[in-house]
Amino acid sequence: MFKKETYIARREQLRKDVGHGIIILPGNHEASCNYPDNTYWFRQDSTFLYFFGLQREDLVGVLDCETGKDYIFANDYDIDDIIWTGPLPSVKELAASVGVENSGSLADLETFIHSNTHTFTHSHIHYLPPYRADITRQLSELLGIKYAAIPRYASMELIMACVKQRSIKSDEEVAEIEKAIATAYNMHVCAMKQAMPGRYEYELAAIMQGEAWKGNGPLSFPIIMTIHGETLHNHNHDHELVEGRMLVMDAGCETRMNYCSDITRSVPVGGKFNDRQRAIYQIVLDANMEAIRVTRPGITYQEVHTAASRILAQGYKDLGILRGNLDDIVANGAHSLFMPHGLGHMMGLDVHDMENYGQINVGYDDETRPSTQFGLASLRCGRRLQPGFVITDEPGCYFIPALIDKWHAEGKNKDFIDFAELEKWKDFGGIRIEDDILVTDSGCRVLGKPIPKTVAEIEAVMTA
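Residues numbered from 1 in each chain as written. Predicted model: local features only at pLDDT ≥ 70, side-chain atom pairs only at ≥ 80, totals over all residues. Heavy atoms only, no water.

1. Re a nonpolar patch on the surface
A grouping of I79, I82, I83 and W84 is seen on the molecular surface, where their side chains present a nonpolar patch of about 510 Å² in accessible area. Mapped onto the fold, W84 is located in helix α3 (residues 79–85). Given the relative accessible area of 77%, W84 is considered exposed. (Patch = residues over 30% accessible without salt bridge, like charges linked within 9 Å, V, L, I, M, F, W, Y side chains within 5 Å. Areas by Shrake-Rupley, 256 points an atom, 1.4 Å probe, with all protein chains shown as cover. Salt bridge = Lys/Arg side-chain N within 4 Å of Asp/Glu carboxyl O. Helix = DSSP H or I, 4+ residues; strand = E, 2+ residues; numbered from the N terminus. Buried < 20%, exposed > 50% of the residue type's maximum accessible area, 1.4 Å probe, protein only.)

So, in structure tokens, the structure goes:
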């Protein structure tokens, strides 16, 4: 945990920003895998972590904006639990460790809520939209709101107050993220060195997961490790590595405090780029570097996405895949045939930070709204950048046969796409390059130890 004063200050700011009523922040429960006592690895709710920092299951935090008091509610472990877990702190001790003076059992929580609901309407009880059924049920029973209606009464005031605070990463948060990137460096470099013909994707995925645990944290999301990078989120690891294929490795980890990394590297199986691979890879790398060059406070990430898209489109023009005026190509979204996703997303305690609040509430605002154009419409964060934002920069190029055939049959962007030339590329697969960047006062900084990214750097690591 950070020092308790960090959590005290965060809660004080949250009460100030919400301004009225009672804020309920449930922590997560254990979740069973295939029978009750066999549970998944416990992952605490990120909002609860941000404001309370406690890793135990079944905790509920309450902030009273009227009195200025904070509470932690949970049941203490009994002897039947302690036999299996060993001695653990009491709820009172846990609360005190993060500067909370008031604590009680879950029965006390019900009493507290019921004693206040006669004076507060639903608009004065603030909670976030739950993403788990057990939390939805807990809130339903606690507040006397029908299960199906719980999402409808989620507090937009609380959502926006949390987004406001969590979007700006403190120095201590950035340091945690860089710890996660340091581990991701080991994950990716170790996997690169083993990306040789005859190995299997699952072997390299296992290497990455092992390196994550060496860093004392789990993966931040299921690994994407595939020679079929044309499938954007390909979690199938069954393929044998074959020379001539590009291997997309999209993986990150969490620190012990659950701050995340999210890195993608694409490497040639065998360690040497052929001419086709080098050509496409350099186009994507140039787009990645252009995004870093232009990212700064005051620019929207939509504008950064467009700047990177222009680099991609020009590269495809140079290869003869696209044709026509560059401005027209980008304005019509012809380049999006090869990158049907956005340039990046916020990152922090969640690998897609705060998206449980509703992605549009995190990545957009009243000034900047999502586009309806294919590709750009999938940009998860488009709003104006501020110092302290941590965002991903992940351009890619994917030759997706089904999508190419669909556009060809429909004649979509036929004035800008040479479909005959494109036939030669349908067997290529895909490439993605991703870094985690911090918006600074004057520009941006790529976080963490530099992970091999240029053609020369990758070949040097893989053939050493």
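2. Structural notes on the sheet that holds strand β9 (residues 246–251)
On the basis of which strands lie adjacent, the open sheet formed by three strands has the order β8-β9-β10 and antiparallel pairing. What marks the edges here is a single partner per strand, and that holds for β8 (224–226) and β10 (263–268). The average angle at which neighbouring strand axes cross in this sheet is 10 degrees, direction not considered. Bridge count between β9 and β10: six bridges; the pairing is antiparallel. Residue pairing for β10: M246 is matched across the bridge by P268. (Pairing = 2+ DSSP bridges. Axes fitted to C-alpha atoms, helices over the stretch in contact; angles between N-to-C directions.)

3. As for the state of the cysteines
Applying the stated criterion across every chain yields a total of zero disulfides. No disulfide involves C444; its sulfur sits 13 Å from that of C381, the nearest cysteine. (Disulfide = S-S within 2.5 Å.)

4. Things to note about the nonpolar core
Ranked by size, the top nonpolar core spans 127 residues in total, and within it L14, L247, F399 and L422 carry the most contacts. If one sorts the elements of this core by residue count, helix α8 (residues 171–193) sits on top with 10 residues. Setting aside chain neighbours within four positions, we find L247 in contact with A195, L204, M225, T226, I227, L241, R265, S266, V267 and V269. Core analysis: the next-biggest nonpolar cluster, separate from the first, contains 19 residues, V62, I125, L143 and I150 among them. (Core = buried A, V, L, I, M, F, W, Y, C linked by side-chain atoms within 4.5 Å. Contact = heavy atoms within 4.5 Å.)

5. Observations concerning the sheet that holds strand β1 (residues 22–26)
With mixed pairing, five strands are arranged side by side in an open sheet as β6-β5-β4-β1-β7. One side of each edge strand has no neighbouring strand; the edge strands of this open sheet are β6 (102–104) and β7 (125–126). Of the strand pairs in this sheet, strand β4 (residues 60–64) and strand β5 (residues 70–73) are connected by four bridges, and their pairing is antiparallel. Each residue of the ladder has a partner; that of V60, found in β5, is F73.

6. Observations concerning the pattern of salt bridges
If you walk through the whole model with that rule in mind, you get 29 salt bridges. Among the salt bridges present, the one from R445 reaches E178, with a minimum N-O distance of 3.0 Å. In this pair, R445 sits in strand β15 (residues 444–446) while E178 sits in helix α8, placing the two residues 267 residues apart along the sequence. Residue class for E178 comes out partly exposed when judged on its relative accessible area of 23%. Across the pair K426 and D405 runs a salt bridge, and its minimum N-O distance is 2.7 Å. Placement of the pair is K426 in the loop between α15 (419–422) and β13 (430–432) and D405 in helix α14 (residues 401–410), with a sequence separation of 21 residues.

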